[in-house]
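# Secondary and tertiary structure notes
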Amino acid sequence: MKKYNYQKGRQGENIALVFLQKLSFELVEKNFQNKRGEIDLIMIDKNVLVFVEVKLKVGQDFGSPEDMISPRKIWRVRRIAESFLVERPNLAKKYPQQRIDAVCMVLEKDGQVSRINHYKNIGG
Amino acid sequence: MLAKVFSASNYGLKAIDIEVEVNVAEKGFPGFGMVGMASKAVEEARERVRTAINNSGFEFPVAKITVNLAPADLPKEGSRYDLPIAMGILEASGQVELPSEKSYFYGELSLDGGLRHTKGVFLLAVLAKEKRVKNIFVPRLCANEASVIQGINVYPVDSLKSLVSHLKGNRKIDKLLTVKRQELMGQIRPEFDFSEIVGQEQAKRAMEIVATGGHNIFLMGPPGSGKTMLSRAMPGIMPDLSEKESLEVTKIFSITGNIPAGASLVRKRPFRSPHHTTSMVGLIGGSSNPKPGEVSLAHRGVLFLDEFPEFSRGSLEALRQPLEDGRVTISRASGTVTFPANFILVAAANPCPCGFMGDPKHECKCSIYQINRYQKKLSGPIMDRIDLHLNVPAVDVNKLMADKNSRQREKSADIKKRVVAGRKIQQKRFDGIDGVFCNADMKNRHIKKFAMLSPKANLLLKQAVNKYALSTRTYFRLIKVSRTIADLEASLDIKDRHVAEALQYRIRLDN
């Protein structure tokens, strides 16, 4: 079950990546990890460094993906983003503007995307 | 989109206009946030509103929802903002259109979208009248409270769904007709009838005087002599509340949530008997957002304190202000609130810890020290504020068993007739004087005007005051009690025998 979730997550990240690239976002890094956790996608939108949290749900039976992003989760992404910036001082200098985005999607049972939403600047 | 809905909060006994602003923004990460000094119960409205909207067949918008309760610096409490918040969300998301003229929405939502009983509807109606707001939408269960106030349209709402279809014009909710101010609360049956009490004729007479004039009484006697029984029979002889009094009592009952579903005005006099472990705040009122205590819940009624000396010293001393002024003023960091607390104090106590001091048949086992400590609780200032002091001796069991003529004893209903007649005289006398309903309410300036003593009565009182070294307060209180005794006889002026009877309740001949 765990593994299945993991695969779904990866699948969702790929869908989100293609979706954002169509909006002319540029990829910087995928699945940046450290001991605090993981950021799904790190991208550049014009001159803003964007940390993207991707949420995927199959079917409507267990609530919407938006409900799964709590203030706590956003806070966690922010912390990891800060350590990312510490690790890449050059990037931090080049892109002084940063923000956190979310991509939420719902898939049909057969894997078709039934909706996908992009929310800018959820970090408040 | 932004929606504005009006509701009300209350501070003390006053309702305050609250503007509930709801913004539903399509842009931004979806969420439901609330600002404006909301307490926990208000914060939790989020879950109730969300579920109620979904379960009523409406759509809870996937959007960034911000709710602001203005004025933002005033703490908000309670569950009454559920309905205005839900209506705000429905309007801001285009699912309903609110009336263009200012209306109040008020009520707690249940998860199925129904409206629950909510405190303080009566105060909302008073506010609506004051602010000239025509329409108020309140839960049906407590709509009758509001219907007493004339000149406003009260819409009793069953559920979110029915309110929306009313506003859309599909199925109108009939506004409540202003009810005649009739008793809608169930009759409170007193636990005992006076005819059940054997003997204690003097005590019964004293209770009658107390009920007529609104005086305070202190009953002292050994355990089992009938102090509690006498007090509990008291509601049976109390006259019903007059219209003015009833409005005052209803206000207090409304904000404390003491009005049962479907009831409107309180017509029965309250009878409160808090246990002696009651905290001072419970008795007097308080908390950071001041709430009325037992003394205010007993306003215009009876506050019965059984085992008087067992109450904490602080609680007893705190009774001084309400006993003297008929109100309590509570000051907290958030402000000062005055609650009315004009009650008849009925206090009962044993003469000593073991209870048998002065009893002819039992031996008192208390030491002098114990007795002193026990009686010290009953401080001078408190006892001075009590008009009638009465010894309730134990009734001889043989007499009790031999007693067969229970039918010949007077029923509560008959005593009540005399009490009501006595009150009528007082009502006529104090007509047009604000806040004075019975003899005990008289201020000193009223005494000069309304309680003239006959020369003989005056002489008697003068002698008693000198002989027993009575305080000025006691002097005035004696006149008030004499006035009541005279009223019971429908006597215009106070004669010496009235004063003599009043004196007999006042002078405690300690053994």
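Conventions we followed
Residues numbered from 1 in each chain as written. Chains lettered and ligands numbered in written order. Predicted model: local features only at pLDDT ≥ 70, side-chain atom pairs only at ≥ 80, totals over all residues. Helix = DSSP H or I, 4+ residues; strand = E, 2+ residues; numbered from the N terminus. Buried ≥ 20, exposed ≤ 12 C-beta atoms within 10 Å, placed from the backbone. Contact = placed C-beta atoms within 7 Å. Pairing = 2+ DSSP bridges. Axes fitted to C-alpha atoms, helices over the stretch in contact; angles between N-to-C directions. Domains from an automatic or database assignment. Nonpolar A, V, L, I, M, F, W, Y, C, P; charged D, E, K, R; others polar. Parallel < 35°, antiparallel > 145°, perpendicular 65-115°, else oblique. Left-handed = near helix turned anticlockwise from the far one by under 90°. Core = buried A, V, L, I, M, F, W, Y, C linked by C-beta atoms within 7 Å.

The next point concerns the overall build of chain B. Looking only at helices and strands, chain B has 21 helices and 18 strands in total. Referenced to the eigenvectors of the C-alpha coordinate spread, the extents of chain B come out at roughly 85 × 50 × 45 Å. Burial statistics for chain B: of 511 residues in total, 43% are counted as buried. Sequence-distant contacts in chain B: of pairs separated by 6 or more residues, those separated by 24 or more amount to 74%.

Broken down by element type, chain A carries three helices and five strands. When its helices and strands are written in sequence order, chain A yields α-β-β-β-α-α-β-β. Principal-axis analysis of the C-alpha atoms gives chain A an extent of 45 × 30 × 25 Å. Considering chain A as a whole, with its 124 residues, one finds that 25% of them fall into the buried category. Sequence separation of at least 24 residues holds for 54% of the intrachain contacts in chain A that already meet a minimum separation of 6.

A few words on the sheet that holds strand β1 (residues 25-34) of chain A. Residue and element names in this part refer to chain A. If you trace the five strands from one edge of the open sheet to the other, you get β1-β2-β3-β4-β5, paired in mixed fashion. Whereas interior strands pair on both sides, the edge strands pair on one side only; in this sheet they are β1 and β5 (113-119). Across this sheet, the average inter-strand angle for adjacent strands is 25°, counted without regard to direction. Sheet topology note: the strand β2 (residues 37-45)/strand β3 (residues 48-58) ladder contains five bridges and is antiparallel. Following the sheet pairing, Asp45 is matched in β3 by Val48. In this fold helix α2 (residues 71-87) packs onto β1, β2, β3 and β4 (98-107), with an angle of close to 70° to the strand it touches most, β2.

With that out of the way, let us pick up the domain arrangement of chain B. Residues and elements named next belong to chain B. For chain B, the domain assignment lists domain 1 (2-167) and domain 2 (194-398). For domain 1 and domain 2, the distance between their C-alpha centroids amounts to 39 Å. Counting residues at the interface gives 18 residues for domain 1 and 18 residues for domain 2. Of all the secondary-structure elements, those providing two or more residues to the side of domain 1 that touches domain 2 are β1 (2-11), α4 (121-130) and α5 (143-146). Among the elements that take part in the side of domain 1 that touches domain 2, α4 stands out by supplying three residues, more than any other. A per-class count over the side of domain 1 that touches domain 2 returns nine nonpolar, six polar and three charged.

Next up on the list: helix α3 (residues 82-92) of chain B. Counting buried positions over the 11 residues of α3 of chain B gives 11, a clear majority of the element. Among all positions of α3 of chain B, only Asp82, Leu83, Pro84, Ile85, Ala86, Met87, Gly88, Ile89, Leu90, Glu91 and Ala92 of chain B are buried.

The next point concerns the pairing of β5 of chain A. Residues and elements named next belong to chain A. In this structure, β4 lies alongside β5, joined through six bridges in antiparallel fashion. Paired with Cys104 across the two strands is Asn117, which belongs to β5. The antiparallel pairing of β4 with β5 creates a hairpin that spans five residues between the two strands, and Gly111 there sits at a positive phi of about 100°.

Below, the discussion takes up the packing of helix α2 (residues 45-55) of chain B against α3 of chain B. Residue and element names in this part refer to chain B. Here α2 crosses α3 at 55°, and the two axes come no closer than 10 Å. It follows from the interaxial angle that α2 and α3 lie oblique. The crossing of α2 and α3 is right-handed. Contact with α2, carried on its side by Ala45, Arg48, Val49, Ala52 and Ile53, involves Asp82, Ile85, Ala86 and Ile89 of α3 and no other residues of that element.

A few words now on the sheet that holds strand β14 (residues 302-305) of chain B. Either a parallel or an antiparallel arrangement is found when strands of a sheet pair, and the pairing is made through backbone hydrogen bonds. All names here are of chain B. The parallel open sheet is built from five strands, whose spatial order is β11-β14-β17-β10-β18. Bordering the open sheet on either side are β11 (271-272) and β18 (388-391), each of which pairs with just one other strand. Running at roughly 160° to β18, helix α7 (residues 201-213) makes contact with β10 (217-220), β17 (344-349) and β18 of the sheet.

Next up on the list: the interface of chain A and chain B. Opposite the five residues of chain A that make contact, chain B presents four residues. Of the residues that constitute the side of chain A that touches chain B, the class distribution is three nonpolar, one polar and one charged.

On to the environment of His276 of chain B, then. Residues and elements named next belong to chain B. Relative to the assigned elements, His276 resides in the loop between β11 and α10 (280-284). The sequence separation of His276 and Phe311 amounts to 35 residues, and the corresponding C-alpha distance is 4.8 Å. Setting aside its immediate chain neighbours within four residues, His276 contacts Glu307, Glu310 and Phe311.

Here we take up unusual backbone geometry. For residues other than glycine, phi is negative in most cases, and the peptide bonds are mostly trans. Cis geometry marks the peptide bond from Ala70 of chain B to Pro71 of chain B, where omega comes out at 0°. In this fold, Pro71 of chain B is placed in the loop between β4 (64-70) and α3. Here the phi dihedral of Asn31 of chain A falls at roughly 50°; this positive angle occurs in a residue that is not glycine. Looking at the element boundaries, Asn31 of chain A is found in strand β1.

Residue and element names in this part refer to chain B. Tracing the backbone shows Leu388 in strand β18. Spatially, the C-alpha atoms of Leu388 and Gln504 are 8.7 Å apart, while their sequence positions differ by 116 residues. Setting aside residues no more than four positions away along its own chain, Leu388 makes contact with Ala206, Ile209, Val210, His215, Ile217, Phe218, Val481 and Tyr505.

All names here are of chain B. Burial along β14 is two-sided: Val302 and Phe304 facing one way and Leu303 and Leu305 facing the other are all buried. Relative to β14, β11 runs parallel, the two being bridged by two bridges. Within β14, the residue paired with Arg272 across the bridge is Leu303. Sheet analysis places β14 next to β17, joined by four bridges and oriented parallel. Across the sheet, the residue bridging to Leu303 is Leu345, located in β17.

Residues and elements named next belong to chain B. Within the largest apolar cluster, 130 residues are counted, with the highest numbers of intra-cluster contacts made by Ala86, Leu124, Ile136 and Val138. It is α4 that contributes the most residues to this core, eight residues altogether. Looking at this core, you find at least three residues from each of domain 1 (2-167) and domain 2 (194-398).

A few words on the packing of helix α20 (residues 472-488) of chain B against helix α21 (residues 496-506) of chain B. Between two packed helices, both the angle of their axes relative to each other and the distance between the axes serve to describe the pair. Residues and elements named next belong to chain B. Put simply, α20 and α21 touch, their axes get as near as 8 Å, and they point 125° apart. Classed by the angle they form, the pair α20 and α21 counts as oblique. When the axes of α20 and α21 are compared, the crossing they make is right-handed. On α21, the residues that touch Thr474, Leu478, Val481, Ser482, Ile485 and Ala486 of α20 are His498, Val499, Glu501, Ala502, Leu503, Tyr505 and Arg506. Its residues assigned to classes, the contact of α20 with α21 comprises eight nonpolar, three polar and two charged.

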